[in-house]
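Structural characterization, general
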Amino acid sequence: MPVKIRLQRHGKKGKPFYWVVAADSRAKRDGRFLEKIGTYQPTTNPATINLDVDAAVKWLQNGAQPTDTAKAILSYKGALLKNHLAGGVRKGALTEEQAEAKFNAWLEEKAAKVAGKTDSLAKAQEDAKAKALEAEKAANEARIAAKAPVVDSEDAATEEGGDSEE
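Residues numbered from 1 in each chain as written. Predicted model: local features only at pLDDT ≥ 70, side-chain atom pairs only at ≥ 80, totals over all residues. Heavy atoms only, no water.

1. A closer look at the sheet that holds strand β2 (residues 15-24)
Taken together, 5 strands build an open sheet; the order of strands is β4-β3-β2-β1-β5 and the sheet is mixed. In the strand order of this sheet, the two ends are held by β4 (48-51) and β5 (65-66), each with one partner. Pairing of strand β1 (residues 3-12) with β5 involves 2 bridges; the strand directions are parallel. Bridging from a neighbouring strand, Ile5 pairs with Pro66 of β5. (Pairing = 2+ DSSP bridges. Helix = DSSP H or I, 4+ residues; strand = E, 2+ residues; numbered from the N terminus.)

2. A word on the packing of aromatic side chains
Summed over the entire model, instances satisfying the criterion amount to 3 aromatic pairs. A centroid spacing of 5.9 Å and a plane angle of 25° characterise the contact between Tyr18 and Tyr40, whose relative ring orientation is stacked. Taken together, the positions of Tyr18 in strand β2 and Tyr40 in strand β3 (residues 35-41) put the pair 22 residues apart, joining distant regions of the chain. Residues Tyr18 and Tyr40 agree in their burial class; the two are buried. Between Trp19 and Phe33 the ring centres are 5.9 Å apart and the planes differ by 85°, which places this aromatic pair in the edge-to-face class. Of this pair, Trp19 sits in strand β2 while Phe33 sits in the loop between β2 and β3, placing them 14 residues apart in sequence. Accessibility expressed as a relative area gives 23% for Trp19, which makes it partly exposed. A relative accessible area of 33% means that Phe33 is categorised as partly exposed. When the ring centre of Trp19 is taken as origin, the NZ or CZ atom of Lys36, which lies over that ring, is 4.1 Å away. (Phe/Tyr/Trp six-rings, centres within 6.5 Å; stacked < 30°, edge-to-face > 60°. Buried < 20%, exposed > 50% of the residue type's maximum accessible area, 1.4 Å probe, protein only. Lys NZ or Arg CZ within 6 Å of the ring centre and 35° of its normal.)

Shape is all these values report; function is a separate question.
See the structure below:
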């Protein structure tokens, strides 16, 4: 039975939410599946991905072929790297401990990159909010200045002089 690792669409119209599943390639896109491996929500920034890496590696080792998008997700979460390292362990190129150490180092590096992106997005959003607040304050001041009565210095002087003549 040819098995594919692919996405199964859920969610409302315009608000996609996907399950990452191992399914028979002959089944419908949103039909029967063999195992749910994880979830993918592309509407958040950065995209939210929950993936059981060990289950994905098990399916990859059993011959499952990921679709293009599923392959990108598996690569992003490190399932393809873990599968590659497991192949090296089987061939005797490295030990299980070395493979686990390499994978954990890669995970820490990836987590730092994602945290950096999240921080930069939060800072950009904060800056945009501050800039909008400043623009709103300037617009309010301009509106208040436009509604204030205009007093000419000549009119004020004649009014004061007129009071002294009487």
